[in-house]
Amino acid sequence: MSAPVNSASPITNPSAENPRKCCLFFSQIPTVHTISLNKGFSRALASTQITISSKDSFFALPNWRNGRNDPRTRDLRLNDAFLYLEYMVKKGHKPEVGQSTQLMYDLCKSNKVRKAVSVMEMMIYSGIIPDSASYSYLVNHLCKRGNIGHAMQLVEKMDEFGYQTNTTTYNSLVRGLCMHGNLNQSLQLLNKLTQKGLVPNVFTYSFLLEAAYKEKGVDEAMRLLNEIVAKGGNPNLVSYNVLLTGLCKEGRTDEAIHFFRDLPSKGFNPNVVSYNIVLRSLCYEGRWEEANDLLAEMDGEDRSPSIITYNILISSLAFHGLIDHALKVLDEMVRGKFKPTAASYNPIIARLCKEGKVDLVVKGLDQMIFRHINPNEGTFNAIAILCKEGKVLEALSIIQSLGTKQNSSMNDFCKTVISSLCRKGNTYPAFQLLYQMTKYGFTPDSYTYSSLIRGLCMEGMLDEAMEILVVMEEYDCKPDIDNYNALILGLCKSQRTDLSFEVFEMMVQKGCLPNETTYTILVEGIAHEEEVELAAEVLKELYLRRVFSRNTVERLVMQYDLEGLSL
């Protein structure tokens, strides 16, 4: 892909080692000032008629759930409620448990995870023990968002307060670690779980097995399963389905079929999930006769075809260019008990775009809208295939039409499309569409530029990603902290922490102050390059300079196993 602007990158690849960069890095740390109370707090006190109660009684929060429902107003009310809670707890008053729990849920849904954790901590500080459902929900939410360190730290704190963590909560941690490629740490956590007297369940085993085949191959996963059984574990069909998936993903379809047929001898009858796993491999390999034989077997209660079965057939037929057959399966699906989703249409749209059949693409999308099926990220990425086929204007026209039919702000819809393409590695089509969108009045904002930076970094085009900052300044759009953080994170993920320090120095020189997220990304980048001692040294220095709170340091130490760090 060509660069956004045909000029050299503003940053050259440094040859110096990380320790020298860290010295320069420390010299660039701005003075940390104490932050005053948010103005929103004053608004919270002014807008509520709540009387401050005695310290022995419970107080109610301002009602953040009523009123105008636009995102900005809703966020302001939510923030006001949080600030009021924080103020009252610091004064020694106890929050009402039901309201506090609901506030935590709503903060999670609004992606304000740190504040949600703070609510949980304030409840504990006030002597209120949250119910296990809300505690497990928060740990699970943190893990799903990749905040494993926060989740582990929360569990540790709850243990200190004498709150018994159950297997479900530990499973969230195991799954989170596994999802981020930390199998060894997951196994250590499993040992900790058993030492506490908790019994791993089938979900624990499934998460570990999935991580094992993804990190080390299915043979290693099978060895792990044998070890689990030898130690008295009782995996169920879900665990065996994980191994079946591993065999298929490694292209070992014949071995997968043998493993599938052998399941009854292990005490398990294959279910619809087992059938779908094997069916997918057969269909994508074009082994239609065997696929038909397998479909003929899917007539029992536990193995009746599901919506996933239909989607497998549609996507594999479309993959092989058999659009007429795919459409017939879609029609059969509509006549049956299953309602198609965007996932049902996207493979057909993608194939039609690849073949350049714009009229049929429009017809398919119209049918989706008629059936009240909203286009999703997969739909936008399917349409982007038209750009690769040289039909950028046609793709733009379709996207504009979709935006109009969705009754969405065209500006917001364009941002959504660009970010969707960048997330899926379609950054070049994103640039092609963006260029055309600007002709119709769309102006990229900070969020759009950050999406482009992340996309370019993900595709390994680091020079082009850094050049985005130059492009922004040329168009009088000063890069903000989110843009710099997106670039620093992308460089760190590409194992170029040396370059990320260069960007850090540049942002400080340009007057953009780093925030805690910036420093966290850099420390994590060093840790990911297995420079654990250096990461610990930098972390300690940042703590001594009051850049990091003790809370953040403890989280990073726990997440990256930075032993020997004394504070």
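Residues numbered from 1 in each chain as written. Predicted model: local features only at pLDDT ≥ 70, side-chain atom pairs only at ≥ 80, totals over all residues. Heavy atoms only, no water.

Let us look at the overall build of the protein chain. Of regular secondary structure, the protein chain possesses 31 helices and two strands. Counting every position in the protein chain, which comprises 567 residues, the buried fraction comes to 49%. Counting every atom, the protein chain has about 27,900 Å² of accessible surface; 50% of that belongs to carbon and sulfur. (Helix = DSSP H or I, 4+ residues; strand = E, 2+ residues; numbered from the N terminus. Buried < 20%, exposed > 50% of the residue type's maximum accessible area, 1.4 Å probe, protein only. Areas by Shrake-Rupley, 256 points an atom, 1.4 Å probe, with all protein chains shown as cover.)

The next point concerns the packing of aromatic side chains. Inspection of every chain in the model, using the stated rule, returns 10 aromatic pairs. Measuring from centroid to centroid gives 4.9 Å for phenylalanine 260 and tyrosine 275, while their planes differ by 85°, and the two rings are edge-to-face. Residue phenylalanine 260 is found in helix H13 (residues 253–261), and its partner tyrosine 275 is found in helix H14 (residues 272–284); the two are separated by 15 residues along the sequence. Comparing phenylalanine 260 with tyrosine 275, the two get one shared label, buried. Taking the centre distance of 5.3 Å and the plane angle of 55° together, the rings of tyrosine 284 and phenylalanine 319 count as tilted. Of the two residues, tyrosine 284 sits in helix H14 while phenylalanine 319 sits in helix H16 (residues 307–319), which places them 35 residues apart along the sequence. Its relative accessible area of 30% is what places tyrosine 284 among the partly exposed residues. (Phe/Tyr/Trp six-rings, centres within 6.5 Å; stacked < 30°, edge-to-face > 60°.)

Glancing now at the environment of isoleucine 369. Its place among the elements puts isoleucine 369 in helix H19 (residues 358–370). Accessibility expressed as a relative area gives 24% for isoleucine 369, which makes it partly exposed. Separated by 36 residues in sequence, isoleucine 369 and lysine 405 place their C-alpha atoms 8.0 Å apart. What isoleucine 369 contacts, discounting residues up to four positions off in sequence, is Pro375, Leu402 and Gln406. (Contact = heavy atoms within 4.5 Å.)

Residue-level pLDDT values for the protein chain average 85, and 88% of them are 70 or greater. Across residues 1–17, where pLDDT falls below 50, the model places 34 contacts with residues more than four positions away in sequence or in other chains. Contacts of residues 32–54 to residues separated by more than four positions or lying in other chains number 28 contacts, the stretch itself having pLDDT below 50. (pLDDT = per-residue confidence, 0-100.)

Along its 13 residues, helix H26 (residues 462–474) runs 19 Å from first to last C-alpha, staying within 8% of the 18 Å computed at 1.5 Å per residue. On its buried face, H26 is in contact with helix H24 (427–439), helix H25 (446–458), helix H27 (481–493) and helix H28 (497–509). Aspartate 476 sits one or two residues past H26 and shows a positive phi near 55°. (Expected span 1.5 Å × (residues − 1).)

Between its first and last C-alpha, helix H7 (residues 148–160) extends 18 Å over 13 residues, near the 18 Å set by a 1.5 Å rise per residue. Residues Ile148, Gly149, His150, Ala151, Met152, Gln153, Leu154, Val155 and Met158 constitute the buried set of H7. Close packing links the buried residues of H7 with helix H5 (113–125), helix H6 (132–144), helix H8 (167–179), helix H9 (183–195) and helix H31 (550–560). One or two positions beyond H7, positive phi appears at glycine 162, with a value near 80°.

As a packed pair, H5 and H7 sit with axes 12 Å apart at the nearest point and diverge in direction by 5°. With respect to H7, the axis of H5 lies roughly parallel. Contact residues: Arg114, Met120, Glu121 and Ile124 in H5; His150, Leu154, Lys157 and Met158 in H7. Here the residues of the contact of H5 with H7 are counted per class, giving four nonpolar, one polar and three charged. (Axes fitted to C-alpha atoms, helices over the stretch in contact; angles between N-to-C directions. Parallel < 35°, antiparallel > 145°, perpendicular 65-115°, else oblique. Nonpolar A, V, L, I, M, F, W, Y, C, P; charged D, E, K, R; others polar.)

Going through the model one piece at a time under the given rule, you end up with 25 salt bridges. With a shortest N-O distance of 3.1 Å, glutamate 355 and arginine 351 are connected by a salt bridge. What makes glutamate 355 partly exposed here is its relative accessible area of 32%. Note on arginine 351: relative accessible area 22%, which makes it partly exposed. Put simply, glutamate 355 and lysine 357 hold a salt bridge, and the shortest N to O gap is 3.0 Å. A residue is classified by how much of its surface remains accessible, and lysine 357, at 40% relative accessible area, is partly exposed. (Salt bridge = Lys/Arg side-chain N within 4 Å of Asp/Glu carboxyl O.)

Moving on, we come to the layout of surface pockets. Approximately 2,000 Å³ is the volume attributed to the largest pocket. Forming the walls of the largest pocket are 48 residues, and the residues nearest its centre are Arg145, Gly146, Leu489, Lys493 and Glu524. Those elements giving two or more residues to the lining of the largest pocket turn out to be H5, H7, helix H23 (410–423), H25, H27, helix H29 (516–528) and H31. (1 Å grid on protein atoms, 1.4 Å probe; cavity = no way out; pocket = protein on both sides within 12 Å on 5 of 7 lines; lining within 4 Å. Points joined across faces, edges and corners; volume = space filled by probe spheres on them.)

Interaxial distance between helix H4 (residues 97–109) and H5 falls to 7 Å at its minimum, and their mutual angle equals 160°. Comparing the axis directions of H4 and H5 gives the class roughly antiparallel. For H4 against H5, the interelement crossing comes out left-handed. Residue-level inspection shows Val97, Ser100, Thr101, Leu103, Met104, Leu107 and Cys108 of H4 in contact with H5, the latter providing Val113, Lys115, Ala116, Val119, Met120 and Met123. Classifying every residue of the contact of H4 with H5 gives 10 nonpolar, two polar and one charged. (Left-handed = near helix turned anticlockwise from the far one by under 90°.)

Looking now at the side chain of threonine 518. One can find threonine 518 in helix H29. Given a relative accessible area of 0%, threonine 518 falls into the buried group. Discounting chain neighbours no more than four positions away, the residues touching threonine 518 are Ile481, Asn485, Ile488, Phe504 and Met507.

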